[in-house]
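# Overview (structure and organization)
Read off the chains here:
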Amino acid sequence: DAMVIQNPRYQVTQFGKPVTLSCSQTLNHNVMYWYQQKSSQAPKLLFHYYDKDFNNEADTPDNFQSRRPNTSFCFLDIRSPGLGDAAMYLCATSLPRRSYEQYFGPGTRLTVT
Amino acid sequence: AQSVTQLGSHVSVSEGALVLLRCNYSSSVPPYLFWYVQYPNQGLQLLLKYTTGATLVKGINGFEAEFKKSETSFHLTKPSAHMSDAAEYFCAVRPTDSWGKLQFGAGTQVVVTP
């Protein structure tokens, strides 16, 4: 089945230690998104890619970076995680039409110790 | 600018009872409308969406929603709640006339009691 896969599902990192979260998709969608979701809150968009074109949200901290080496894969790099970065990180994909829904992966729960 | 309001952060329903989750949007042009469900420690799953055409939209798991332009609403309903419906539900909108990000409501946590 076509899907969005996120690895790992649970990640523990230390304060200030760089961490990378990964997302892959078999849907062949042009657009990929990274969201941060804190407890009992709605997902917050960090950035998205339209093919290779990177679009950063204005309020996304510089501590968060992303790479998309090809259509299938996208990575979220947190350069120096702080305690406030502990959250669920969701990857999503969509076709490049405004009416098209976003397909979400299962998420990676990040803990910062 | 568009916004989404979900009335009630927590809703408790009895098994077998009607589920009604309210969503109102604020937008100068009716947007595309979505309902997503999120189970604990999972991603979001699309329940249904409205783009054009019939204003009563049927989704998965017995849910449906009706787009009412005059009321700027897109309320989600299910006639008979099941224990497996316990989850968080998000209403979301996206503009039709420009490229814009998905704007989520704050979410409604549904608890189903036996």
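Structural notes, computed from the coordinates. (Residues numbered from 1 in each chain as written. Chains lettered and ligands numbered in written order. Predicted model: local features only at pLDDT ≥ 70, side-chain atom pairs only at ≥ 80, totals over all residues. Heavy atoms only, no water.)

This part is about the interface of chain B and chain A. On the chain A side, the residues contacting the 23 residues of chain B number 26 residues. Carbon and sulfur atoms make up 54% of the area that chain B and chain A hide from each other, which totals about 1,900 Å². The residue Lys101 of chain B makes a salt bridge to Glu57 of chain A at a minimum N-O spacing of 2.9 Å. Of all the secondary structure elements, the ones that give two or more residues to the side of chain B that touches chain A are strand E4 (32–38), strand E5 (44–50) and strand E9 (87–94) of chain B. Counting residues per element, the side of chain B that touches chain A draws most heavily on E4 of chain B, at four residues. The residue makeup of the side of chain B that touches chain A, split by class, is 11 nonpolar, eight polar and four charged. (Contact = heavy atoms within 4.5 Å. Buried area = accessible area lost by both parts, 1.4 Å probe. Salt bridge = Lys/Arg side-chain N within 4 Å of Asp/Glu carboxyl O. Helix = DSSP H or I, 4+ residues; strand = E, 2+ residues; numbered from the N terminus. Nonpolar A, V, L, I, M, F, W, Y, C, P; charged D, E, K, R; others polar.)

Applying the stated criterion across every chain, the model contains two disulfides over all chains. A sulfur-sulfur separation of 2.0 Å characterises the disulfide bridge that pairs Cys23 of chain A with Cys91 of chain A. The S-S bond linking Cys23 of chain A to Cys91 of chain A shows a torsion near -70°; that makes this disulfide left-handed. Here Cys91 of chain A lies in strand E9 (residues 87–94) and Cys23 of chain A lies in strand E3 (residues 19–25), a separation of 68 residues in the sequence. Given a relative accessible area of 1%, Cys23 of chain A falls into the buried group. Residue Cys23 of chain B pairs covalently with Cys91 of chain B via a disulfide, S to S 1.9 Å. Judged by the torsion about the S-S bond (-65°), the Cys23 of chain B/Cys91 of chain B disulfide is left-handed. Here Cys23 of chain B, found in strand E3 (residues 19–26), pairs with Cys91 of chain B, found in strand E9; they are 68 residues apart in sequence, far enough to count as distant. (Disulfide = S-S within 2.5 Å. Buried < 20%, exposed > 50% of the residue type's maximum accessible area, 1.4 Å probe, protein only.)

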